[in-house]
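Commentary on secondary and tertiary structure
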Amino acid sequence: MSEHTSPEDRLDELTAELPREVAPPPDLWPAIRAELAPRSGRTIHWNPRWRLAAAGLLVAASSSIITLLAVRSREPARESSVVASTDSAPTAGERLPAHLLVAERGYARSIDALWRTLDERRDSLAPSTVATVERSLRIADSAIAEARSALERDPANRVLADLLVSNYERKIDLLRRATELAPRT
Amino acid sequence: MTRARVQRIVVVLIAVVTSATSLHAQQKVHTAYATTPDVSVRLFASVGTVQVVGWDKDSVVVSGIVASGSQVSLGTPGAGPTRGLKLFVESPTEQAVREGSLTVRVPRGARVWLKTGSSDVTASEVTGGLDLNVVGGSITVHGSPRELRAESMDGAVTIDGTPSWMRVKTATGDIALRGGEDIGASTISGTIDARGGEVERVKLESTTGAIRFALGLTRGASVEMETHSGPIDVQLSRKMPPEVDAATVTATIENAWSKIPPVPGREGRGMSLAIGGGQMGGRVVLRSFKGKITLRGM
């Protein structure tokens with residue numbers, strides 16, 4: 001090696017002298033395999049399909065809060081008249097677990113669409129039916145608000161989270177059934 | 001008074017009497033079809049009561065009385081047995097929807113889809129499938145169809161058989177059932193009363209309505225009950241005790257079924273109760289926000 005060689009050239013020379021492959025001692029492989037085996041078992045859950053699903057959820061989550069809070073903000077007005085709108089900005093929900101916020105967004109979109117359909121059909125339903133539906137929706141909304149408020153104070157409470165989800169699902173189911181009622185019933 | 005004038009008055013009187021009579025008049029309905037044993041029947045009926053009766057004939061017979069002026073579309077019986085029927089009866093006015101009654105006889109193995117407004121619906125002896133949907137009327141099912149879906153807004157739903165698969169939903173209507181294999185019942189403010197039979201898998205849920213459960217459990221049964229604010233009253237066997245997992249957010253749990261006491265929840269709010277059971281006794285999960293949970297022996 002020359003005295004005038006630059007540090008980069010010197011490094012190149014040294015690395016060039018290194019062997020291309022270094023085989024590990026034979027008795028190391030069993031231990032390495034033992035370490036790797038469980039990890040490869042776990043990675044099977046992250047096949048492309050799961051990654052796509054996770055990506056989809058992430059995309060859905062990014063805009064869910066807007067819809068959710070838009071719906072929440074106008075629900076009181078719907079007791080007398082249903083007007084669909086999605087231009088409200090998020091104002092709450094930060095204290096809920098992330099997965100619930102994602103779920104809430106899905107619920108909010110469903111509720112929004114069903115409300116619009118129900119509003120379009122409102123005149124074709126009997127007033128007594130509309131009254132029954134609205135009374136039940138108020139009960140459902142009250143339960144949702146109560147469970148949600150409690151969950152914001154105790155975000156780690158899984159029982160509360162399950163109850164909140166169930167309340168949403170019952171409300172959506174009620175709305176769905178109301179939209180499927182025959183005219184004049 | 002001239003003769004022409006008298007004739008005019010008579011004509012007017014006849015017209016008035018006829019129209020007044022027609023307000024309360026009813027028209028008869030009767031039609032029959034040869035069908036396959038598993039015929040699918042879709043019926044929209046806007047009448048006071050509807051009875052669906054399963055029988056041992058491969059035919060569907062629709063008979064009864066409907067309000068005069070009703071739109072009736074019962075199709076035309078074909079030459080051979082049909083696999084599907086669509087029948088339609090709509091009352092002429094909103095006031096007339098509670099008038100009249102229909103009886104629909106179907107093969108026992110038929111699948112019947114029935115949608116009505118405020119009719120009281122009774123179905124019996126059907127072993128195929130029933131999909132019944134009412135708003136203000138009640139639904140009563142006798143016998144054990146293979147599949148049963150019953151939905152009502154504010155009418156009561158009573159199932160006194162043990163269907164293999166059943167889903168019942170109401171908004172304010174009460175639900176009464178006797179068990180089955182795979183059962184689901186959900187209501188907003190109605191009550192759910194499950195007693196008198198056995199169950200393999202069941203989920204009962206309400207928002208404010210009370211839930212009462214006194215069904216026997218098959219081996220390895222799965223039972224879930226959930227409410228926001230309705231009380232849950234559960235009777236369980238002590239001979240074949242299931243595993244119990246109960247929790248409330250703010251309400252109390254009273255355990256009169258075993259000697260294990262519930263424990264207060266975090267920060268002293270709510271309660272939980274965990275009891276290990278025999279492996280064959282199944283599992284019971286109870287969840288409530290603020291409705292009291294009571295466990296008792298049966």
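What you see is a predicted model; the values in this text were computed from it and never measured.

A look at the overall build of chain A
- Check the secondary structure of chain A and you find six helices and zero strands.
- Helices (α) and strands (β) of chain A occur, in sequence order from the N terminus, as α-α-α-α-α-α.
- Considering chain A as a whole, with its 185 residues, one finds that 35% of them fall into the buried category.
- Pairs at least 24 apart in sequence give 72% of the contacts found in chain A among residues at least 6 apart.
- Carbon and sulfur atoms provide 59% of the accessible area of chain A, an area that totals close to 11400 Å².

Examining helix α6 (residues 158-179) of chain A
All names here are of chain A.
- Counted at 1.5 Å a residue, the expected span for α6 with its 22 residues is 32 Å, and the 32 Å between its end C-alpha atoms agrees.
- Counted residue by residue, α6 has 17 buried out of 22 residues, so it is predominantly covered.
- The N-cap residue of α6 is N157: its side-chain oxygen and the backbone nitrogen of V159 are 3.1 Å apart.

Some details on the interface of chain A and chain B
- At the interface, 33 residues of chain A touch 38 residues of chain B.
- Regarding the contact of chain A and chain B, the summed buried area is about 2700 Å², with carbon and sulfur atoms giving 58% of it.
- Taken together, chain A and chain B are joined by four salt bridges.
- Linking R170(A) and E205(B) is a salt bridge whose minimum nitrogen-to-oxygen distance equals 2.6 Å.
- Inspection of the chain A/chain B interface yields 11 residue pairs in polar contact (both at pLDDT 80 or more).

Quick look at the pairing of strand β10 (residues 139-142) of chain B
All names here are of chain B.
- The side-chain alternation of β10 yields one buried face, formed by I139 and V141, and one unburied face, formed by T140 and H142.
- As paired elements, strand β8 (residues 120-124) and β10 share four bridges and run parallel to each other. Following the sheet pairing, V121 is matched in β10 by I139.

Structural notes on the side chain of T132(A)
- Inspection of the secondary structure puts T132(A) in helix α5 (residues 127-153).
- Among the residues examined, T132(A) registers a relative accessible area of 3% and is labelled buried.
- At 3.3 Å, the side chain of T132(A) and the side chain of D154(B) are in polar contact.
- If we ignore the near neighbours within four places in the chain, the residues touching T132(A) are M153(B), D154(B) and T172(B).

Structural notes on the pattern of salt bridges
- The tally for this structure, following the rule as stated, stands at 27 salt bridges over all chains.
- Of the charged contacts in the structure, one is a salt bridge between R201(B) and D182(B), with a shortest N-O distance of 3.6 Å. Of the two residues, R201(B) sits in strand β16 (residues 192-206) while D182(B) sits in strand β15 (residues 180-187), which places them 19 residues apart along the sequence.
- Overall, R201(B) belongs to the partly exposed group, its relative accessible area being 38%.
- Note that K292(B) is salt-bridged to E254(B), the shortest N-O span being 2.8 Å. With K292(B) in the loop between β23 (283-288) and β24 (293-297) and E254(B) in strand β20 (residues 253-256), the pair connects residues that are 38 residues apart, well separated along the chain.
- In this structure, a network of salt bridges that share partners links the residues D173(A), R176(A), R177(A), E180(A), E151(B) and K169(B).

As for the pairing of strand β3 (residues 59-67) of chain B
All names here are of chain B.
- With seven of its nine residues buried, β3 lies for the most part within the structure.
- Bridge count for strand β1 (residues 26-45) against β3 is nine bridges, and the pairing is antiparallel. In the sheet register, A34 faces β3, and the bridge partner there is S59.
- As paired strands, β3 and strand β6 (residues 101-107) are joined by five bridges and run antiparallel to one another.

Observations concerning the packing of α5(A) against α6(A)
All names here are of chain A.
- Two numbers describe how α5 lies on α6: the axes approach to 9 Å, and their chain directions differ by 160 degrees. Classified by the angle their axes make, α5 and α6 are roughly antiparallel. Read as a crossing pair, α5 and α6 show a hand that is left-handed. Contacts between α5 and α6 involve V133, S136, L137, A140, D141, A143, I144, A147, R148, A150 and L151 from the former and L160, A161, L164, N167, Y168, K171, L174, L175 and A178 from the latter.
- Counted by class, the contact of α5 with α6 contains 15 nonpolar, two polar and three charged residues.

Remarks on the packing of aromatic side chains
- Evaluation of the coordinates by the stated rule reveals two aromatic pairs over all chains.
- Ring plane angle 15 degrees and centroid distance 5.0 Å describe the contact between Y107(A) and Y168(A), whose orientation is recorded as stacked. Here Y107(A) is found in helix α4 (residues 98-121), whereas its partner Y168(A) is found in helix α6, with 61 residues between them in sequence.
- With a relative accessible area of 14%, Y107(A) lands in the buried category.
- Positioned over the ring face of W113(B) is R42(B), at 4.1 Å from the centre of the ring.

Quick word on the environment of D154(A)
- As for its placement among the helices and strands, D154(A) is situated in the loop between α5 and α6.
- Look at D154(A) and you get partly exposed, because its relative accessible area is 23%.
- The spacing of D154(A) and P97(A) is 57 residues in sequence and 9.9 Å in space, taken between C-alpha atoms.
- Apart from the residues lying within four places of it in its own chain, the contact partners of D154(A) are L160(A) and R266(B).

Some details on the environment of V234(B)
Residues and elements named next belong to chain B.
- Looking at where V234 falls in the secondary structure, it is placed in strand β18 (residues 232-236).
- Since its relative accessible area comes to 0%, V234 is described here as buried.
- Along the sequence, V234 and A214 sit 20 residues apart, while their C-alpha atoms lie 6.1 Å from each other.
- Residues in contact with V234, not counting those within four places in the same chain, are F213, M225, L286, T294, L295 and R296.

What counts, and where the lines are drawn
- Numbers given for residues are sequential positions, taken from 1 along each chain in its written order.
- Here the convention is simple: chains get letters from A, ligands get numbers from 1, in the order in which they are written.
- The model is predicted, so local features are restricted to residues of pLDDT at least 70 and side-chain atom pairs to those at 80 or more, both for listing and for counting; the totals for chains, interfaces and linings are taken over all residues.
- Side-chain descriptors were evaluated using all non-hydrogen atoms of the structure, hydrogens and water having been removed beforehand.
- Put simply, DSSP marks the helices as runs of H or I at least four residues long and the strands as runs of E at least two long, and each gets a number from the N terminus on.
- Only protein chains enter the accessibility calculation, which uses a 1.4 Å probe; a residue whose area is less than 20% of its type maximum is buried, one above 50% is exposed, and one in between is partly exposed.
- Here, two residues are considered to be in contact whenever any of their heavy atoms come within 4.5 Å of each other.
- Under the convention used here, a 1.4 Å probe and the Shrake-Rupley method define accessible areas, while residue burial counts only the protein chains that appear.
- What a helix should span is 1.5 Å times the count of its residues minus one.
- Here a polar contact is recorded for every N or O atom pair within 3.5 Å, except that within protein the pair must consist of a potential hydrogen donor and a potential acceptor, and residues adjacent in sequence are included only if both atoms are side-chain atoms.
- Once two parts are joined, some of their accessible surface, as seen by a 1.4 Å probe, is lost; buried area is that loss totalled over both.
- Here, a salt bridge means any side-chain nitrogen of Lys or Arg that lies within 4 Å of a carboxyl oxygen of Asp or Glu.
- When DSSP finds two or more bridges between two strands, those strands count as paired.
- Convention adopted: a line fitted to C-alpha atoms gives each axis, helices being fitted over their contacting stretch, and angles between N-to-C directions are expressed from 0 to 180 degrees.
- Convention used here: angles under 35 degrees read as roughly parallel, angles over 145 as roughly antiparallel, angles from 65 to 115 as roughly perpendicular, and any remaining angle as oblique.
- Throughout, a crossing is termed right-handed when the near helix is turned clockwise from the far one, and left-handed when it is turned anticlockwise from it by less than a right angle.
- Under the scheme applied here, ten amino acids are nonpolar (Ala, Val, Leu, Ile, Met, Phe, Trp, Tyr, Cys and Pro), four are charged (Asp, Glu, Lys and Arg), and all others, including Gly, are polar.
- Think of it this way: a Phe, Tyr or Trp ring, Trp meaning its six-membered ring, pairs with another when their centres are within 6.5 Å, and the plane angle makes it stacked under 30 degrees, edge-to-face over 60, tilted otherwise.
- We call a charge positioned over a ring when the NZ of a Lys or the CZ of an Arg lies within 6 Å of the ring centre and within 35 degrees of the ring normal.

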